[in-house]
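Each chain, written out:
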Amino acid sequence: DTGNNEVYQTGLVIGRGTMNFDGVNDYVDLMSESLITGTGDFTVSCWASWVEAVNNAIWNQRDTSSANPSCGLYIRTTGGVRFETYNGGYEQVATGANTNLNTGGLHHIVCVRDGTNSIKLYVNGVLDGSDTGGNNVSLTAVDFQLGRNTGGSGYLEGFIDEFAMWPDIALSASEIRTLYNNGIPYDATNVQSDNLQGYWRNDGVGIWDDRTTNDNDGTPSGSPSVLFFPEGSTAGEDILSFPLADT
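Once a new chain begins, its residue numbering starts again from 1 and follows that chain's sequence as written. Totals for whole chains, interfaces and linings use all residues, but because this is a predicted model, local features are given only for residues with pLDDT of at least 70 and pairs of side-chain atoms are given and counted only at 80 or more. To get the side-chain values, all heavy atoms of the structure are used, and hydrogens and water are removed first.

What follows is about the overall build of the protein chain. The helix and strand labels rest on DSSP assignments: H or I over at least four residues marks a helix, E over at least two residues marks a strand, and numbering proceeds from the N terminus. When helices and strands are tallied, the protein chain shows 1 helix and 16 strands. Relative to the compact-globule value of 18 Å for 247 residues, the protein chain shows a C-alpha radius of gyration of 17 Å, a close match. Projected onto the principal axes, the alpha-carbon positions of the protein chain cover approximately 55 × 35 × 35 Å. Burial classes: relative accessible area under 20% of the type maximum marks a residue as buried, over 50% as exposed, and values in between as partly exposed (1.4 Å probe, protein chains only). Each of the 247 residues in the protein chain was classed as buried or not, and the buried ones make up 48%. Only heavy atoms enter the contact rule, under which two residues are in contact if any of them lie within 4.5 Å. In the protein chain, the share of contacts with a sequence separation of at least 24, taken over all contacts with a separation of at least 6, comes to 64%. As presented, the protein chain carries roughly 9,700 Å² of accessible surface, and 43% of it is formed by carbon and sulfur atoms. Averaging the positions of the 10 positive and the 31 negative side-chain charges in the protein chain gives two centres separated by 7 Å. The globule rule used for comparison is 2.2 Å times the number of residues to the exponent 0.38, while the radius of gyration itself is calculated over C-alpha atoms. All accessible-area figures derive from a Shrake-Rupley calculation using a 1.4 Å probe, and residue coverage is judged against the displayed protein chains alone. Lys and Arg are tallied as positive, Asp and Glu as negative. Neither His nor the chain termini are counted. By convention, the point assigned to a charge is CZ for Arg, NZ for Lys, CD for Glu and CG for Asp.

Take a look at the structure:
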């Protein structure tokens, strides 16, 4: 079994099987009614990698039939990322300054909205872009998906892991640096645990378990393939420093 983030062995190699997003039709449906609603604060954190600078989605919250209202994190054609809110037009757009991310390397990306009409984008523990103009779009409880635009386009060719959601708070810069942990993935349950409302690891091509009590398990779709990561130099972790088993 290559799902559910279980430690398993192939031949003489111990590691874990994860889902590879193929850029054609692969995505994960996390929930049909997102927990991020209204105009208030929220934070979304993930680790991601990709190799092509195209306008594809890392995550997206919107109704399948309409982009109004919506929000999401997208790869830019310049190789960076942008975090945006939308309602009949782009209301707020935080464009990342870093344009050298499409190298296949793993990046920690955090999107924050606070109650001061501000959105912020952090990459690898550092503020990379922000927008203090416009108004906070009132978001609704619609589909939340990984790896594509919920409307059915913009499929990601790459990898997503350690996806976490705090629907009601804006994490501080210090808390975001803690999550980044100098490039070693940090367990999100140790940051504002009382407010953490969704936490998923890349559990392969099977169900992605929500590690909070909300049990919003993610469902992979498309034709995903297994990406195998062997155990690294630290026992119990793969070569990317992700845990081999649930903790």
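Let's pick the thread back up.
We define a salt bridge as a side-chain nitrogen of Lys or Arg found within 4 Å of a carboxyl oxygen belonging to Asp or Glu. This model, assessed by the stated rule, comprises 6 salt bridges. The salt bridge involving Glu162 is made with Arg201; its shortest N-O contact spans 2.5 Å. Taken together, the positions of Glu162 in strand β13 (residues 157-166) and Arg201 in the loop between β14 (198-200) and β15 (219-221) put the pair 39 residues apart, joining distant regions of the chain. Of the two residues, Glu162 and Arg201, both sit in the buried class. Here Asp187 makes a salt bridge to Arg201, at a shortest N to O gap of 3.6 Å. Here Asp187, found in the loop between α1 (173-180) and β14, pairs with Arg201, found in the loop between β14 and β15; they are 14 residues apart in sequence, far enough to count as distant. A single burial state applies to Asp187 and to Arg201, both of which are buried. Connected through shared salt-bridge partners, Arg16, Asp161 and Asp238 make up one network.

Here we take up the side chain of Asp210. Position of Asp210 relative to the elements: it lies in the loop between β14 and β15. Within the buried set, Asp210 has no salt-bridge partner at all; the shortest N-O distance to an opposite charge, 7.2 Å, is to Arg211. Engagement of the side chain of Asp210 in a polar contact is seen with the backbone nitrogen of Asp215, the distance being 3.4 Å. Leaving out residues up to four positions away in the same chain, Asp210 has contacts with Gln197, Gly198, Tyr199, Trp200, Asp215, Asn216 and Asp217. Two N or O atoms form a polar contact when they lie within 3.5 Å of each other; inside protein one atom must be a possible hydrogen donor and the other a possible acceptor, and for residues adjacent in sequence the pair counts only when both atoms belong to side chains.

One requirement defines pairing of two strands: DSSP has to find at least two bridges between them. Spatially, the 7 strands line up as an open sheet ordered β8-β7-β6-β5-β12-β3-β15, and their pairing is antiparallel. The open sheet has two free edges, formed respectively by β8 (90-95) and β15, since each of these has just one partner strand. The average undirected angle you get between the axes of adjacent strands in this sheet is 20°. Pairing analysis gives 5 bridges linking strand β7 (residues 81-86) to β8, with the strands arranged antiparallel. Within β8, the position partnered with Glu84 by the bridge is Val93. Axis definition: a line fitted to C-alpha atoms, over the contacting stretch in the case of helices. Angles run 0 to 180 degrees between N-to-C directions.

With that out of the way, let us pick up the environment of Gly218. Summarising the element assignment, Gly218 is placed in the loop between β14 and β15. Taking the C-alpha atoms as reference points, Gly218 and Gly206, separated by 12 residues in sequence, lie 8.8 Å from one another. The residues touching Gly218, leaving out its near neighbours within four places in the chain, are Val28, Asp29, Leu30, Trp200, Ile207 and Trp208.

Most of strand β9 (residues 107-114) sits inside the fold, with 8 of its 8 residues counted as buried. In β9, alternate side chains face the same way, and those of His107, Ile109, Cys111 and Arg113 on one face and His108, Val110, Val112 and Asp114 on the other are all buried. The sheet contact formed by strand β4 (residues 42-50) and β9 spans 7 bridges and is antiparallel. Opposite Val44, over in β9, you have Cys111 as the bridge partner. Alignment of β9 against strand β10 (residues 118-123), held across 6 bridges, turns out to be antiparallel.

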